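Tertiary structure, described
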Amino acid sequence: MTMMVAEEKDELKLKLKEVFGYSTFRGNQEIIIRNILDGKNTFVIMPTGAGKSLCYQLPALISDGLAIVISPLIALMKNQVDQLFGYGVNARFLNSTLTKGEITRLKKDCVNGVIKLLYVAPESLTKEENIEFLKKVNVSFVAIDEAHCISEWGHDFRPEYRKIKSMIQQLGNLPVVALTATATPKVQLDIQKNLQMEEADIFLSSFNRKNLYYEVRPKKETKKQLIKFMRDNKGKSGIVYCLSRKKVEEIANLLSVNGFKAAPYHAGLDPDVREKNQDDFLNEEVDIIVATIAFGMGIDKPDVRFVVHYDVPKSLEGYYQETGRSGRDGLEGYCLMFYSHNDLNKLEKFNKDKSVQERENARILLQEMEYYAESPVCRRRQLLHYFGEEFKEDNCGMCDNCVHPRERFDGTEAVVTVLNAVKQTNERFGLNHLVNVIRGIEDEYVKSYGHFDLTVFGTGSDEDADFWKSVIRQTLIYQYLDKDIENIGVLKISKRGEAFLKKPMPIELARDHDFTTDAEDEEVSTDRAPVNAKSYDSALFEMLKSLRKKIAKEKNLPPYVIFQDPSLEEMATTYPITKEDLASVNGVGMGKVNKFGKEFLELIQNYVEENEIETATEVVVKSSVNKSKTKILIIQQIDKKVDLEEIAELTHLSFEELLTEIENICYSGTKLNLNYYLEALIDPQKQDDIHDYFMNAETDSLDAALNDDSLADYSEEEIRLMRIHFMSEYAH
Ligand code: ADP
Ligand code: MG
Ligand code: ZN
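Residues numbered from 1 in each chain as written. Chains lettered and ligands numbered in written order. Predicted model: local features only at pLDDT ≥ 70, side-chain atom pairs only at ≥ 80, totals over all residues. Heavy atoms only, no water.

**Quick word on the coordination of the zinc ion (ligand 3)**
Surrounding the zinc ion (ligand 3) are the protein donor atoms Cys 378 (SG), Cys 396 (SG), Cys 399 (SG) and Cys 402 (SG), at 2.3 to 2.4 Å. Around the zinc ion (ligand 3), the four donor atoms sit at angles spanning 102 to 117°, and that spread fits a shape best called tetrahedral. Within one chain, the residues donating to the zinc ion (ligand 3) are spaced in sequence as C-x17-C-x2-C-x2-C. For the pair Cys 396 and Cys 399, a shared accessibility class is recorded, and that class is buried. (Donors = N, O, S within 2.8 Å, 3.2 Å for Na, K, Ca; no water. Tetrahedral: all angles 85-135°; square planar, octahedral: opposite > 155°, others 65-115°. Buried < 20%, exposed > 50% of the residue type's maximum accessible area, 1.4 Å probe, protein only.)

Written as structure tokens, this is what we have:
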């Protein structure tokens, strides 16, 4: 059994490299995949860009049958399927854009089992005829992407999502995988309840996106600032979010007039135009998309280098999702927000027709936004705190508040005052009331609760309300206070806070940014975040990029489907000139090499010759890394039923050496199917004889077999091959 485990482990890694070209799993991917392969209900919460898709795509390939993927946006299904096509995976989609004929063919392919992943829109799933047809298909599991659409507390509620559970129940008792980037506890609970998967294994990843730089600037001379920012980022791909359609048009126009390749995107555009603009962005015909929040969910463009919020977003949750669309490939992602109180007031006005409860909820969300923008605390720490995660480092080095820290003061006494105020009012009040108590303001609440009698009352009267609000928020973010989950807005003392009250330790606080005064008061930092110096050959990188664009155009695919930026950067570092070298680049597997590799190899080859660059292939280094690469290559080739002679040639091994390698692979627990080769080489009668020998022998020793009389007529090669075959079949 131990062999089994080793084999599975290798197999997952091999599949990852072979199909997706990655050599390691990210974060929780591997245990999630195992959980799915074990047929368990699985709930995956991972930030945008962390790699959720792979969590269901890989098990779908390994599992018997077809995996159904429910995804909310019809417009993006094609994109997902294209990406998988790039990897050589047979995935398709079922939605209302297909013709009758296409649907008939699709259904046939599903029943025949040639399709591994079927993307389905929730609307299509609710159709009787589709359910009837899916009943006939062998389904491995159901994945529900963007599962937060189930919850009214999420930022993208879709009523049809609530019907999913009853639909898939009709298909039998299938394992369900729910995936989302939304982590607030309320939404989580909602999803689990609705999908009746309270018992599911939950995999919650850290929400820290280390490569994203967060910055908030006052909204003054915004157009000038924007143009300057775009000049600094010319040629890079980015998104500018605006609140209204009108603003989208205006800014898209402004950017175009200033010589940037920008296009608008909002729900008011003609669907054809909208789709074209989105495609142009994905295909790099356009660098910048200026959009309302209608744009973005499910957009998997990995090389978005910046996200600008021209207007203040409605919630931190939305802000986090939108900024999360930058830097998915792990490279630079610059998140810039322009902020003003005026925007908050505008947003507040939008809510005036809503019910009292809705208005109150929206107001609380806006308040969080305001705190975030004005706070002097590390942006990363604040965002993570919002999602219930503690960021422990003092300086993240990747946000404006850390790179340009605000002046600090000793806040020990102020924190003691705040904690006392919370304690003396019995942990039953929110921020505004606490501020009034501290400042000694006798309003009706203070009067009706008799809080003017408290010893803390009025002890902070020498500072203004904004000061105390800021102190309370910092006390909360540093976790001396907790939010009461049951009663929104109510603050309680945490364990850390209790300890602090007993024995106060010096604590530094900073004053909030002041966004109410004129721009000139606030120093506008135009310094950019520290961006790692490029270590790759940028000339080659640019050439590779243009080639990628050209091929993408020919094949009518988005460029990143061909190769992603990190892969191109690696190529421009290691100069691969053989298929094998190329396949070992992260993000590139043999599948992609065969599909797209030829022209890239030619380009690199020429480049290397012209510039007299010494490549890895010429410097033959025999290391364990190369050895394991050879092993992987052998396994992949056998998987593809390539003749052993050819594999020997490919790996620069003699046939003898190859056999030894294969034996090693086999004895370290990996199953190899050599049937295809044996069939052509050894006749069935002979095969049976050798097979019988090993079946009955006391030992699998090769020497013993070679010396056994019953096998006297067989060559060493035949015996060795049959022994491998036998071990693969029975020993694992
Ligand atoms: P999510 O759905 O969580 O927002 P995606 O599934 O779209 O994220 O993945 C984001 C990016 O991460 C993609 O460009 C994908 O190719 C890349 N990626 C996923 N898994 C890995 C991995 N194991 N190694 C390297 N890159 C990965
Ligand atoms: Mg996704
Ligand atoms: Zn920071």
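**So, unusual backbone geometry**
The phi torsion of most residues other than glycine is negative, and most of the peptide bonds are trans. The residue Glu 221 is not glycine, and still its phi comes out positive at about 45°. Tracing the backbone shows Glu 221 in the loop between β8 (212-218) and α10 (222-232). With relative accessibility at 54%, the residue Glu 221 sits in the exposed group. Look at Gln 479: it is not a glycine, yet its phi comes out positive at around 65°. Inspection of the secondary structure assignment puts Gln 479 in the loop between α21 (465-477) and β15 (481-483). (Helix = DSSP H or I, 4+ residues; strand = E, 2+ residues; numbered from the N terminus.)

**Overview of the site of ligand 1**
Taken together, 16 residues surround ligand 1, and among them Tyr 22, Gly 49, Lys 52, Ser 53 and Arg 328 come closest. In the environment of ligand 1, a nitrogen atom lies 2.9 Å from a nitrogen or oxygen atom belonging to the backbone of Thr 24. Interatomic distance of 3.0 Å between a side-chain N/O atom of Arg 26 and an oxygen atom of ligand 1. The class makeup of the residues in the shell around ligand 1 is five nonpolar, seven polar and four charged. When we break the shell around ligand 1 down by domain, the ones giving at least three residues each are domain 1 (2-204) and domain 2 (212-403). (Near = heavy atom within 4 Å. Polar contact = N/O pair within 3.5 Å; in protein donor to acceptor, adjacent residues only side chain to side chain. Nonpolar A, V, L, I, M, F, W, Y, C, P; charged D, E, K, R; others polar. Domains from an automatic or database assignment.)

**Observations concerning the side chain of Glu 322**
You can see Glu 322 is positioned in helix α13 (residues 316-323). One buried charge, Glu 322, has no salt-bridge partner; the nearest side chain with opposite charge is Arg 325, at 4.9 Å. Each residue touching Glu 322, except ones within four places of it in the same chain, is listed here: Tyr 241, Ile 293, Val 307, His 309 and Pro 313. (Lys, Arg positive; Asp, Glu negative; His and termini not counted. Salt bridge = Lys/Arg side-chain N within 4 Å of Asp/Glu carboxyl O. Contact = heavy atoms within 4.5 Å.)

**Remarks on the nonpolar core**
Judged by nonpolar contacts, the single largest core of 121 residues is most densely connected at Leu 117, Met 230, Val 240 and Leu 255. Setting aside residues no more than four positions away along its own chain, Leu 255 makes contact with Leu 226, Ile 227, Met 230, Val 240, Phe 260, Ala 262, Ile 288 and Val 290. Listed in part, the 44 residues of the second largest apolar core include Tyr 560, Phe 600, Leu 603 and Leu 633. (Core = buried A, V, L, I, M, F, W, Y, C linked by side-chain atoms within 4.5 Å.)

**Here we look at the packing of helix α18 (residues 412-424) against α21**
Interaxial distance between α18 and α21 falls to 10 Å at its minimum, and their mutual angle equals 85°. Judged on the interaxial angle alone, α21 and α18 are roughly perpendicular. Residues Ala 414, Val 415, Thr 417, Val 418 and Leu 419 of α18 touch α21, and the partners they reach there are Trp 468, Val 471, Ile 472 and Thr 475. Looking at side-chain class alone, the contact of α18 with α21 contains seven nonpolar, two polar and no charged residues. (Axes fitted to C-alpha atoms, helices over the stretch in contact; angles between N-to-C directions. Parallel < 35°, antiparallel > 145°, perpendicular 65-115°, else oblique.)

**Focus: a negative patch on the surface**
A cluster of like negative charges, contributed by Asp 643, Glu 645, Glu 646, Glu 649 and Glu 717, occupies part of the molecular surface. The element that contributes the greatest number of residues to the negative patch is helix α29 (residues 644-650), accounting for three residues. By the secondary structure assignment, Glu 645 is in helix α29. (Patch = residues over 30% accessible without salt bridge, like charges linked within 9 Å, V, L, I, M, F, W, Y side chains within 5 Å. Areas by Shrake-Rupley, 256 points an atom, 1.4 Å probe, with all protein chains shown as cover. Charge placed at Lys NZ, Arg CZ, Asp CG, Glu CD.)

**Digging into the domain arrangement of the protein chain**
Note: interface size is frequently given as the accessible area lost on complex formation between the parts. What the domain assignment lists for the protein chain is domain 1 (2-204), domain 2 (212-403), domain 3 (411-508), domain 4 (538-619) and domain 5 (629-730). Domain 2 and domain 3 are separated by 33 Å when their C-alpha centres are compared. Each partner contributes residues to the interface: domain 2 has nine residues there, and domain 3 has ten residues. Taken together, the two surfaces of domain 2 and domain 3 that pack against each other cover about 1100 Å², and 59% of this comes from carbon and sulfur. Broken down residue by residue, the surface that domain 2 buries against domain 3 is led by Tyr 371, His 385 and Glu 390, which jointly contribute 46%. Joining domain 2 to domain 3, the criterion identifies two salt bridges. Between Glu 390 and Arg 496 there is a salt bridge; the shortest N-O distance is 2.9 Å. Summed over the shared surface of domain 2 and domain 3, the number is three residue pairs in polar contact (both at pLDDT 80 or more). Of all the secondary structure elements, the ones that give two or more residues to the side of domain 2 that touches domain 3 are α15 (356-374) and α16 (379-386). (Buried area = accessible area lost by both parts, 1.4 Å probe.)

**Things to note about the sheet that holds strand β9 (residues 237-241)**
Taken together, six strands build an open sheet; the order of strands is β8-β13-β12-β9-β11-β10 and the sheet is parallel. Of all strands in the sheet, those bounded by a partner on one side alone are β8 and β10 (262-265). Averaged over neighbouring strand pairs, the angle between their axes works out to 15° when direction is ignored. Pairing between β10 and strand β11 (residues 288-291): four bridges, direction parallel. When the sheet's bridge partners are listed, Pro 264 is paired in β11 with Val 290. (Pairing = 2+ DSSP bridges.)

**Some thoughts on the pattern of salt bridges**
Here the structure, examined in full by the defined rule, presents 37 salt bridges. Asp 311 is the partner of Lys 219 in a salt bridge, and the nearest nitrogen-oxygen pair spans 2.5 Å. In this pair, Lys 219 is assigned in the loop between β8 and α10 and Asp 311 in the loop between β12 (304-309) and α13, connecting sequence segments 92 residues apart. By relative accessible area, which is 5% here, Asp 311 ends up buried.

**So, the environment of Ile 632**
Mapped onto the elements of the fold, Ile 632 is located in helix α28 (residues 624-639). Overall, Ile 632 belongs to the partly exposed group, its relative accessible area being 28%. Separated by 443 residues in sequence, Ile 632 and Leu 189 have C-alpha atoms that sit 42 Å apart.

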